[in-house]
Structure formats: structure tokens, C-alpha cells
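Fold and geometry: a report
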Amino acid sequence: MSKTIAAKPALYEVPAQPEAAQEEEHFINKDGMRYAGQHLIIDLWGGKHLDNLALVKQTLTEAVEAIGATLLNIDLHHFEPNGGISGVAVLAESHMSIHSWPEKGYAALDVFVCGDCQPAKAIPVLRRAFLPDTIQCTEMKRGLIL
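Report follows, based on the coordinates.

So, how was this worked out
Residues numbered from 1 in each chain as written. Predicted model: local features only at pLDDT ≥ 70, side-chain atom pairs only at ≥ 80, totals over all residues. Heavy atoms only, no water. Buried < 20%, exposed > 50% of the residue type's maximum accessible area, 1.4 Å probe, protein only. Helix = DSSP H or I, 4+ residues; strand = E, 2+ residues; numbered from the N terminus. Arc of directions from axis to C-beta. Contact = heavy atoms within 4.5 Å. Phe/Tyr/Trp six-rings, centres within 6.5 Å; stacked < 30°, edge-to-face > 60°. Lys NZ or Arg CZ within 6 Å of the ring centre and 35° of its normal. Salt bridge = Lys/Arg side-chain N within 4 Å of Asp/Glu carboxyl O. Pairing = 2+ DSSP bridges. Axes fitted to C-alpha atoms, helices over the stretch in contact; angles between N-to-C directions. Expected span 1.5 Å × (residues − 1). Polar contact = N/O pair within 3.5 Å; in protein donor to acceptor, adjacent residues only side chain to side chain.

What sets the pattern is the α-helix's 3.6 residues per turn: residues three or four places apart point alike. Every buried residue of helix α3 (residues 122–130) is accounted for by Ala122, Ile123, Val125, Leu126, Ala129 and Phe130. Along the axis of α3, the buried residues cluster in a sector spanning 160 degrees; they form a single face. Residues of α3 that are buried sit in contact with β3 (37–45), α2 (53–67), β6 (94–101), β7 (106–113) and β8 (134–142). Positive backbone phi, at 45 degrees, marks leucine 131, one or two positions downstream of α3.

This is the structure:
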């Protein structure tokens, strides 16, 4: 008697989604793709005011409004002696975070949102507040359903 051994699925294989999961209202359908959210990785170089706690809080608040998200909470920490700031704006649609190195004129930000939010609209707000020489931005699609 021969024995049949079922092959194990590859680690990258995505199981079929039940119909209810495919209709999740917060997923994004765009350009023939379906995914959980958009994630911008933003690097600001040559920035100013990156040690100003009040300005960082105001800027995150304005950026959240600009992208069309719902702010739940902002939690920021001001480091001494360099004045760097780390923190997060918790959103109903996910989060926005900042980590700054004012002595280098550098800040790293994440904007991760689902639904109808438009994360790129945060960039002009960041530009006005921090006056960077350069902004580098990478966009990722999170939770991509193949």
C-alpha cells in the first residue's frame, strides 16, 4: 500500500478569506488591491523646532485633522538634555508617531491609517511646522490581501 502525504502549505500562502471578512468596512479597495491600511514612513532632515513639545503636540493634532482621522489620545515624552521628543497620537483609524533628534535636525514619523483617511495630507502640515530641508517618504500597504 502506498501512503499519500499532504504537502505542507508554504509560509507565504494566504488562506481564502470567508465572505464576511472580505466585506470588512475599514479595508481599502484601490487600484485593484485590497488592504488594511496605508503606512507612511516619513524622515524629516534639516528640521527646526523638533524640541518644542507644545509645537509637536499642536502639529500632530493638525496633521490628524488634515488626514481625516479621529484623534483618541496624544502621549509625548520630552527627553533631556538633547530635547528630543518621542510620542504617539492614537487614532480610531490606527496611529501617528514621532521620534525627534533636534541636535541632528532629524525626525522620524509614522502615519498608519485605515479606511478613508489620506495620510499624505500630513506632509504639508509637517513641512509648515518643522521647516525641513528634505522630506523622504515611503508608502506601504499593510494587510495586503492577495
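On to the packing of aromatic side chains. Counted by the stated rule, this structure contains 2 aromatic pairs. By the ring-pair criterion, three or more aromatic residues cluster together here, those being Trp45, Trp101 and Tyr106. For the cation-ring pair, arginine 142 lies above phenylalanine 112, with the distance from its terminal atom to the ring centre recorded as 5.2 Å.

It is worth spelling out unusual backbone geometry at this point. Of note, the bond from glutamate 80 into proline 81 is cis; its omega dihedral lies within 30 degrees of zero at 10 degrees. Assignment of secondary structure puts proline 81 in the loop between β4 (71–78) and β5 (85–91). One non-glycine residue with positive phi stands out, namely aspartate 31, at about 50 degrees. Note on placement: aspartate 31 falls in the loop between β1 (28–30) and β2 (33–35).

If you walk through the whole model with that rule in mind, you get 1 salt bridge. Of the charged contacts, one joins lysine 141 and glutamate 139 as a salt bridge, the two residues approaching to 3.8 Å between their closest N and O atoms.

The subject of this paragraph is the sheet that holds β7. One open sheet accounts for 6 strands, arranged β4-β5-β6-β7-β3-β8; its pairing is antiparallel. Strands at the two margins of the open sheet, each flanked by one partner only, are β4 and β8. The sheet shows a mean angle of 10 degrees between the axes of neighbouring strands, taken without regard to direction. Note that β3 and β7 share 8 bridges and pair antiparallel. For histidine 39, the partnering residue across the bridge sits in β7 and is phenylalanine 112.

Looking now at the pairing of β5. Where burial is concerned, most of β5 is hidden: 5 out of the 7 residues are buried. With 7 bridges joining them, β4 and β5 adopt antiparallel strand pairing. Note that in β5 the partner of asparagine 73 across the bridge is valine 90. Between β4 and β5, which follow one another and run antiparallel, lie 6 residues, and glycine 83 among them has a positive phi close to 85 degrees. Inspection of the sheet shows β5 paired to β6 by 6 bridges, in the antiparallel sense.

This next bit is on α2. Its 15 residues give α2 an end-to-end C-alpha distance of 21 Å, which sits within 8% of 21 Å, the value for a rise of 1.5 Å per residue. Residues Leu55, Val56, Thr59, Leu60, Ala63, Val64 and Ile67 constitute the buried set of α2. An end-on view of α2 places all buried positions within 165 degrees of arc, on one side of the element. In α2, the exposed positions angled more than 90 degrees off the buried face are occupied by Ala54 and Glu65. Its side-chain oxygen placed 3.2 Å from the backbone nitrogen of alanine 54, asparagine 52 serves as the N-cap of α2. Count one or two residues on from α2 and you reach glycine 68, which has phi positive near 85 degrees.

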